[in-house]
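Observations on the model geometry
Residues per chain are reported as follows:
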Amino acid sequence: MKKTGLLCLVLLTSFLASAQNGTLVQDLEEEETGKGRVTVEMDSRLDSLLGPKCAALSGESVKATGYRIQIYSGNNTRTAKENAGQAEKYIQENYPQLPVYTIFKSPRWTCVVGDFLYFEEAYETMRLLRRSKAQFKQMIILRNQEINVPI
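Computed from a prediction, not measured in an experiment: that's the story for all the values here. The residue numbering used here restarts from 1 in each chain and proceeds along that chain's sequence as written. Local features are withheld for residues below a pLDDT of 70 in this predicted model, meaning they are given only at 70 or higher, and side-chain atom pairs are given and counted only at 80 or more; totals for whole chains, interfaces and linings count all residues. Excluding hydrogens and water, the side-chain figures rest on all heavy atoms present in the structure.

Comments concerning the side chain of Arg68
- Within the secondary structure, Arg68 sits in strand β1 (residues 61-74).
- Judged by its relative accessible area of 8%, Arg68 falls in the buried class.
- Identification of polar contacts relies on pairs of N or O atoms within 3.5 Å, with a donor-acceptor requirement for protein atoms, meaning one able to donate a hydrogen and the other able to accept it, and with residues adjacent in sequence counted only if both atoms are side-chain atoms. A distance of 3.2 Å separates the side chain of Arg68 from the backbone oxygen of Glu146, its partner in a polar contact. Strands here mean DSSP runs of E at least two residues long; helices mean DSSP runs of H or I at least four residues long; both are numbered from the N terminus. Only protein chains enter the accessibility calculation, which uses a 1.4 Å probe. A residue is then buried if its area is under 20% of the maximum for its type, exposed if over 50%, and partly exposed in between.

Have a look at this one:
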C-alpha cells in the first residue's frame, strides 16, 4: 500500500512539474538549431484541451521491482569482461530499444537486458532473443530486480 501511495505521489509531482514546461504544441513549435520548424494552426481552445506535455517525453523514470533477462554470465575475469561487452554491443546494435546493463560483482561479469514490469513481457523478449543470430547460451529471467520505469 505504501508503494502505491509513493508511486501516485511521484506521478502527481512529475505531472505538476511538467505543467510548468508548457503544452505539447508549444514544445513542437519551439525552434531548435539544426532541426526543422513545425507550425501548428488550430483553435486556441484545443491547446487547453491537450494540456501540458507528458513527463514521459522528458525521459523521466521511477524505480520499481520487476524482471530482467540475463544473457551472459562469466567468472573468468579476463575473458568474461570482453564477452559481456560483446553481448552488450550486440544488443545495442540489434535491439536499440532494450536497455542493457553490464554488471561486475566480484568475481562475476553479467550482462542483463530490459526493464520489464511483467513476467510475460520478459518471456516474450527472451523468446525473441533466442531466435537471434547471437544465440545466447544460458538466458534466464531474473526476478525482483530494481528496474527503471518511464513515466
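Things to note about the environment of Ser61
- Structurally, Ser61 is set in strand β1.
- Relative accessible area serves as the criterion here: at 42%, Ser61 is assigned to the partly exposed category.
- Considered as a pair, Ser61 and Ile147 are 86 residues apart in the sequence and their alpha carbons are 9.5 Å apart.
- Should any heavy atoms of two residues lie within 4.5 Å, those residues are considered in contact. Aside from chain neighbours lying at most four places away, what touches Ser61 is Asn148, Val149, Pro150 and Ile151.

Let's talk about the pattern of salt bridges
- Basic side-chain nitrogens of Lys or Arg form a salt bridge, by our definition, when they fall within 4 Å of a carboxyl oxygen of Asp or Glu. Applying the stated criterion across every chain yields a total of four salt bridges.
- Its salt-bridge partner being Glu31, residue Arg37 comes within 3.8 Å of it at the nearest N-O pair. With respect to class, Arg37 is no different from Glu31; both count as exposed.
- Residue Glu146 pairs with Lys63 through a salt bridge whose shortest N-O separation is 4.0 Å. With Glu146 in strand β4 (residues 140-150) and Lys63 in strand β1, this pair connects stretches of sequence that are 83 residues apart. Just as Glu146 is exposed, Lys63 falls in that class too.

Structural notes on a nonpolar patch on the surface
- A cluster of nonpolar residues, Met42, Leu46 and Leu49, forms a patch on the protein surface that exposes about 300 Å² of accessible area.
- Here Leu46 lies in helix α3 (residues 44-50). Surface patches are drawn from residues lacking salt bridges whose relative accessible area is over 30%; two like charges belong together within 9 Å, two nonpolar side chains (Val, Leu, Ile, Met, Phe, Trp, Tyr) within 5 Å. Accessible surface is estimated by sampling points in the Shrake-Rupley manner with a 1.4 Å probe; for residues, cover comes only from the protein chains shown.

Here we look at the pairing of strand β3 (residues 108-116)
- β3 sits mainly inside the fold: seven of its nine residues count as buried.
- Think of it this way: DSSP has to see at least two bridges between two strands before they count as a pair. In the sheet, β1 pairs with β3 via six bridges, with the strands oriented antiparallel. Bridging from a neighbouring strand, Gln70 pairs with Val112 of β3.
- The sheet contact formed by strand β2 (residues 100-105) and β3 spans six bridges and is antiparallel. Paired with Val100 across the bridge in β3 is Val113.
- From the end of β2 to the start of β3, which pair antiparallel, there are two residues.

Section: the packing of aromatic side chains
- Only Phe, Tyr and Trp rings take part, Trp by its six-membered ring, and two of them pair if their centres are within 6.5 Å. Stacked means planes under 30 degrees apart, edge-to-face means over 60, and tilted covers everything else. Here the structure, examined in full by the defined rule, presents four aromatic pairs.
- Between Tyr67 and Phe119, the aromatic rings sit 5.8 Å apart at their centres with planes inclined by 75°, giving edge-to-face as the arrangement. Linking Tyr67 in strand β1 with Phe119 in helix α5 (residues 119-130), this pair joins segments that are 52 residues apart in sequence.
- Relative to Tyr123, the ring of Phe119 lies with its centre 6.2 Å away and its plane at 20°, an arrangement referred to as stacked. You can see Phe119 and its partner Tyr123 sitting in helix α5, four residues apart, about one turn around the helix.
- We count a charge as sitting over a ring when the NZ of a lysine or the CZ of an arginine lies within 6 Å of the ring centre and within 35 degrees of the ring normal. Over the aromatic face of Tyr101 sits the side chain of Arg68, whose NZ or CZ is 3.9 Å from the ring centroid.

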